[in-house]
Number of protein chains: 2
Amino acid sequence: MANRRIRPERAYEPKDIDALDLRLLTELQADARLSLAELGRRVALSAPAVADRVQRLEESGVITGYHAEVDPRALGFPVTVMVRVRPAVRELQRISKLAQEVPQIVECYRMTGEDCFYFTMHLRAVDELEPILDLFTPYGQTTTSLIHTAPVPRRPLPLD
Amino acid sequence: MANRRIRPERAYEPKDIDALDLRLLTELQADARLSLAELGRRVALSAPAVADRVQRLEESGVITGYHAEVDPRALGFPVTVMVRVRPAVRELQRISKLAQEVPQIVECYRMTGEDCFYFTMHLRAVDELEPILDLFTPYGQTTTSLIHTAPVPRRPLPLD
DNA sequence: AATGAAAGTCGTCGGTT
DNA sequence: AACCGACGACTTTCATT
């Protein structure tokens, strides 16, 4: 067998993030459209100082993006589905690739356990479900759940 | 048994969203900090017109927020865990409540199937896992997976 | 429903502490 | 690392179409 060296992702390095950075991150997680001036008022810093810090957080990869959150139902996607996949042997890559190619899938993760993939998708109707699942069944066993409610809707990381 | 009337959430109503709105939503999903002026340039509309439309999308609940996305690992949460819960009888409410109360949990959903809750959390170390799972085990059976990678990192709803 | 113009606010840059 | 001041850009409001 080939000598496969495993290269772990760079281990966790606590970039030097201070309490002020955490406050800025908390504010921006709650409202990404706050002006730099308003952020400055909230943390008692001038706008240029805030701009510097935010730019540093972006460039160091702490902030990875700013996104409007939309309600899929309001946009004609009333059905949200979570699918777990237990892959057949040697089909891991194919499942990753398929997930990337199906636009209705808004996230897919690889994890430990038998069902080592899961993905979430938003559909215009339940009719859309079967043809999508049929894309995956050749390469693994799927378990599908319709999402009803969100006891905890997506919320920010607590940074206190 | 009491007469329990089930009130469904208001059925999906296609709010009048036109192609221009969808373009604005696509832009704001990709970059929530775009200025109204820049949005206007991209969709060939004046800044006040964009401001009107965006405000309408916010007030009608299509846009539910603007959030900075952060990398949990860069902030000292190198462990991401997905937990499914198969509740014991009559313990559904208690599980919802617990999920709300554990700050490391960043989302929790109720769904169809035997494991009818799932939640995701970010931890500073695997040591944190056991005490959190122990909060839930009195009320249901948990299945835990460590998340490795994201074949599809969170991405916007396709609105074409 | 969108535009153009005006007033106030904001982002950015250079220089300073 | 943060502040200040200045200029250009942006946001917001209002009158107009």
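The coordinates are above.
All figures in this text were calculated on a predicted structure; none of them were measured in a lab. Residue indices follow the written sequence of each chain, beginning from 1 at its first position. All chains are assigned letters beginning at A, and all ligands numbers beginning at 1, according to the order in which they are written. Local features in a predicted model are, by the rule used here, given only for residues with pLDDT of at least 70; side-chain atom pairs are given and counted only at 80 or more, and totals for whole chains, interfaces and linings are based on all residues. Neither water nor hydrogens contribute to the side-chain values; these are computed over all heavy atoms in the structure.

Peer 1: Describe in detail the sheet that holds strand β4 (residues 117-123) of chain A, supporting the description with residues and values.
Peer 2: By way of backbone hydrogen bonds, the strands of a sheet pair with one another, either parallel or antiparallel. The pairing criterion for strands is at least two bridges between them, as found by DSSP. Going along the chain from the N terminus, every DSSP run of H or I of four or more residues is numbered as a helix, and every run of E of two or more is numbered as a strand. Spatial strand order, β2(A)-β4(A)-β3(A)-β5(B)-β2(B)-β4(B)-β3(B)-β5(A): eight strands in a closed barrel with antiparallel pairing. Averaged over all pairs of adjacent strands, the angle between strand axes in this sheet comes to 35°, irrespective of strand direction. Taken together, the three bridges between strand β3 (residues 105-111) of chain A and strand β5 (residues 140-152) of chain B define a ladder with antiparallel strand orientation. When the bridges of β5 of chain B are listed, Arg110 of chain A appears paired with Thr149 of chain B. Should any heavy atoms of two residues lie within 4.5 Å, those residues are counted as being in contact. Axis definition: a line fit to C-alpha positions, over the contact stretch in the case of helices; interaxial angles, taken between N-to-C directions, run 0 to 180 degrees. Across the sheet, helix α4 (residues 92-101) of chain A lies against β2 (79-87), β3 and β4 of chain A together with β5 of chain B, angled at about 80° from β5 of chain B, the strand it touches most.

Peer 1: I'd like a rundown of the nonpolar core, residues and numbers included.
Peer 2: Only buried residues count toward a nonpolar core. Its members are Ala, Val, Leu, Ile, Met, Phe, Trp, Tyr and Cys residues joined through side-chain atoms within 4.5 Å. Each residue is assigned to one of three classes by its accessible area relative to the maximum for its type, calculated with a 1.4 Å probe on protein chains only: buried under 20%, partly exposed between the two thresholds, exposed over 50%. In this structure, Leu25, Tyr66 and Leu75 of chain A together with Leu25, Tyr66 and Leu75 of chain B are the most contacted members of the largest nonpolar core, which totals 42 residues. Taken together, the elements giving at least two residues each to this core come down to α1 (19-30), α2 (36-43), α3 (47-59) and β1 (63-70) of chain A together with α1 (19-30), α2 (36-43), α3 (47-59) and β1 (63-70) of chain B. The residues touching Tyr66 of chain B, leaving out its near neighbours within four places in the chain, are Leu28, Gln29, Ala30, Asp31, Ala32, Arg33, His67 and Ala68 of chain A together with Leu28, Ala32, Val54 and Glu58 of chain B.

Peer 1: Account for the protein's contact with DNA strand D, with residues named and values stated.
Peer 2: A molecule or strand has a residue near it when one of that residue's heavy atoms lies within 4 Å. Near DNA strand D, the surroundings consist of Leu45, Ser46, Pro48, Ala49 and Arg53 of chain A together with Ser35, Leu36, Ala37, Arg41 and Pro48 of chain B. Backbone atoms, meaning sugar plus phosphate, form 86% of the atoms of DNA strand D positioned within 4 Å of the protein. Any N or O atom pair separated by 3.5 Å or less is treated as a polar contact, with the protein-specific requirement of one donor-capable and one acceptor-capable atom, and with residues adjacent in sequence counted only for side-chain atom pairs. Take Leu36 of chain B: an N or O atom from its main chain is 2.9 Å from a phosphate oxygen of DNA strand D. When contributions to the surface near DNA strand D are tallied by element, the ones reaching two or more residues are α3 of chain A together with α2 of chain B. Three residue categories are used. Nonpolar comprises Ala, Val, Leu, Ile, Met, Phe, Trp, Tyr, Cys and Pro, charged comprises Asp, Glu, Lys and Arg, and polar comprises the others, including Gly. Split into classes, the residues belonging to the surface near DNA strand D amount to six nonpolar, two polar and two charged.

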